[in-house]
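The chain contents come next:
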Amino acid sequence: MRQLLGASSILLFSVLTACGESGEPPAPPGESGSGGDSFGGGIDPDGGFDLTPCRDLPSAAMTVDFSGDGERLLVGDPLGTSAIDTRTWAVERTAADHRGTVYDAALSSDGRVAASFGEDEIVRIWDAPSGKRLAESPKIAGITAFARSEEGGVILVGFGDGTVKALDPASWEERWSVDVGEGPVAPLIASPRGSLFALGKDRGTQLRDARDGRLVGETTFGDRVGAFSPDGTRFAWAEDDDVIVFEAKEGIPERAEVRARNVVQALALGPDTGAVYVAHPSHIERLALEGGAVEMEYPATFSPRQLAVSPDGSRLAIASQSLHIYDTGSGEVIYERFANGFVWTHDLDRTRPYVAFAGAGQPAEVWDYETGARVRVFPRPPGNQHLVAFHPSGELLINHDGVGRYYDLEKSDPTRTVTYETDEDLPTTSSSDPEWSGNLRMSPDGTLMLGTHDANTRGIFRVFDAATGARVATFPGFEGNQTAWVWSPDQRLIAVAGFAASDDSAIPTTYTGIAVRIHDAATREVLHELVGHEHPVRTLAFFPDNQRLATADERGSIRFWDVETGALIEEFLERSSGGTGDIDIHDGEIALSPDGRYLASAAANWGLTPGHTGTITIFDIEKHEPVRRLYSFAEANMGNVSFSPDARHVIVGGVPGVRVYCLGDSPASPSPAPPPR
């Protein structure tokens, strides 16, 4: 079903009136109400548990659609749907509350309203700039394609039995239904201007009126790939490597036919009448309708899934796992972004709303998480063992293969390069050294770096001068593995975690010698050894007052310790039990709010959707109560979690990039219930 839905497109009219909405558009993110008992305008303890990511930075691409004025682009991916300002290429908003993969999404002609359909078999209509949900259909089983007709004022849905139905977007009642023949309907494509829509059948195409389902014309040509021109006067259909352009009117007269050089995977028509854009596995071609000559080629990574041409014909958007925007005339890249591999770690700047991260095997990037604008992409190093960290000065440090490079975000070349010094009996730190892990933590004042060298075998922690790379101190580690390390806010203490040994299985289940040690940073003396966790500790976090240490293991047990005495204060969250019910299984990724009042803990839940849902629960530490629950319905695998300095955002690494939750937003709906099975 995914393949069929991925081929369809949605074009909808502004549904504010149809959905019972009127007046001014919703307030911008972060300006809607938050309760009086909140910090930094971020958390409203009475706000409920229903926030999904407000921005994905960056994301993959499955679908693309321009607004009528070309100033907004909607990009749908497996995790959510993002509205992008084409003047700045900033991610204005991401809607990610489908409980499963998003199959299709597109914009109204005025760019204000978007619609999406997903694995949960629900159609959602929402305000594109703010992400506010305007309408939501009941669960509709068996859909193979859907679209939105602006002039017809209906949601069109196609089914596997050959039925097409028109639904009212306000009441979701059926307006009409027609049987278009045996076999599944896919795709459905609505004319952007006018009441017509085209549908695909096995070796055939039909043109119908969305107001009553009346057949306008049909042809035996076509398969699963089609597109309308931006003005709605023409539509094209492909069958293998043949493409025919038709008039969108009674009888659907044929305009032109061209032959592509390969099987057509996706196609698009521009506003002019002279060319058609066809997608092949590795590139897109613009073919002249007179003679079929290739006028221009546009490269694409992976296999293109969908194409869109801006209304003025100047831009071509390509959804192909990554996102590519080309100038149609010159063939030059206007904008592109690549889906990152899993983001294990990220870092936030202290004075600017910037997040830096690097995915597995991908270049480091810096984004503004408040505006959704990408600030900088850095040169891509080989491999994937590289770390990013903001210096208090605002420079960004990128570590890779034992070499640290500091960058001023306004300059192209590194401002300085640091090679980290190692002991004489350890391997050198050249780029060919496979044992260098480079997993370092910068001290609060930016003068020192704490980290490991080959954590699996060397068993040591080291402190380096952050400016010169000189080794300042060496701390004894753990015989088995080091799992976490952190500085105290006052830089007086260092906490490290590890274990002595584990069983020999690929995924160990038993461990010995699990402990957390608190060192005096100056003397290297072990002040306390904290024991009690039954599984490796994944996260360490000092409270802002330097008096307590939070530890979280990979099975979800969270403990608070007294830093001065080493005594256990409490087990804040007990170890999670296994199972597949509606219970959050916490995994040891935690963060403390800047004032130490709240704790965010990442988890997975097997009861909300047929698969596993990612959740982040924010607890009021003093009250021992959850105050907000954040959802990542389509992807539960999360990297590290952090609060922004003003506590208005929670940022989490994952697949395929970084997800940003806007805590200042008022809840859009009650807590979600599991969809019907």
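Residues numbered from 1 in each chain as written. Predicted model: local features only at pLDDT ≥ 70, side-chain atom pairs only at ≥ 80, totals over all residues. Heavy atoms only, no water.

*Asks:* Outline the overall build of the protein, supporting the account with residue identities and numerical values.
*Replies:* On a plain count of helices and strands, the protein comes out with 1 helix and 58 strands. Burial status across the protein gives 61% buried among its 677 residues. As displayed, the protein has an accessible area near 25100 Å², and 48% of this comes from carbon and sulfur atoms. (Helix = DSSP H or I, 4+ residues; strand = E, 2+ residues; numbered from the N terminus. Buried < 20%, exposed > 50% of the residue type's maximum accessible area, 1.4 Å probe, protein only. Areas by Shrake-Rupley, 256 points an atom, 1.4 Å probe, with all protein chains shown as cover.)

*Asks:* Could you give me a rundown of the packing of aromatic side chains, with the residues and numbers involved?
*Replies:* Considering all chains together, one arrives at 18 aromatic pairs under this definition. Each ring, one from tryptophan 176 and one from phenylalanine 197, has its centre 6.2 Å from the other, and the planes form 20°; the classification is stacked. In this pair, tryptophan 176 is assigned in strand E13 (residues 174-179) and phenylalanine 197 in strand E15 (residues 196-201), connecting sequence segments 21 residues apart. Of the residues examined, tryptophan 176 reaches a relative accessible area of 9% and is grouped as buried. (Phe/Tyr/Trp six-rings, centres within 6.5 Å; stacked < 30°, edge-to-face > 60°.)

*Asks:* Which residues make up the state of the cysteines, and what are the values?
*Replies:* Overall, the coordinates contain 1 disulfide when judged by the stated rule. The residue that forms a disulfide with cysteine 54 is cysteine 662, at a sulfur-sulfur distance of 2.1 Å. The chirality of the disulfide connecting cysteine 54 with cysteine 662 is right-handed, given an S-S dihedral of about 75°. Remark: cysteine 662 occurs in strand E58 (residues 658-662) and cysteine 54 occurs in the loop between helix H1 (2-6) and strand E1 (55-57); sequence separation between them is 608 residues. (Disulfide = S-S within 2.5 Å.)

*Asks:* I'd love a proper account of the sheet that holds strand E46 (residues 515-520), names of residues and values included.
*Replies:* Across the sheet, which stays open at both edges, the 4 strands sit in the order E42-E43-E46-E47 with antiparallel pairing between neighbours. Strand pairing shows two members of the sheet lacking a second neighbour, strand E42 (481-487) and strand E47 (526-530), which therefore form its edges. Across the sheet, the axes of successive neighbouring strands diverge by a mean angle of 20°, strand direction being ignored. Taken together, the 6 bridges between E42 and strand E43 (residues 493-499) define a ladder with antiparallel strand orientation. Each residue of the ladder has a partner; that of asparagine 481, found in E43, is phenylalanine 499. (Pairing = 2+ DSSP bridges. Axes fitted to C-alpha atoms, helices over the stretch in contact; angles between N-to-C directions.)

*Asks:* So what about unusual backbone geometry? Which residues, and what values?
*Replies:* Residue proline 58 follows leucine 57 across a cis peptide bond; omega there is -20°. Assignment of secondary structure puts proline 58 in the loop between E1 and strand E2 (63-66). Cis geometry marks the peptide bond from alanine 186 to proline 187; its omega dihedral reads -5°. Its place among the elements puts proline 187 in the loop between E13 and strand E14 (188-190). Not every positive phi belongs to a glycine, and tryptophan 172 is a case in point at roughly 65°. Considering the arrangement of structural elements, one finds tryptophan 172 in the loop between strand E12 (163-167) and E13. A positive phi is found at isoleucine 252, a non-glycine position, where the angle reads about 35°. Its place among the elements puts isoleucine 252 in the loop between strand E20 (242-247) and strand E21 (254-259).

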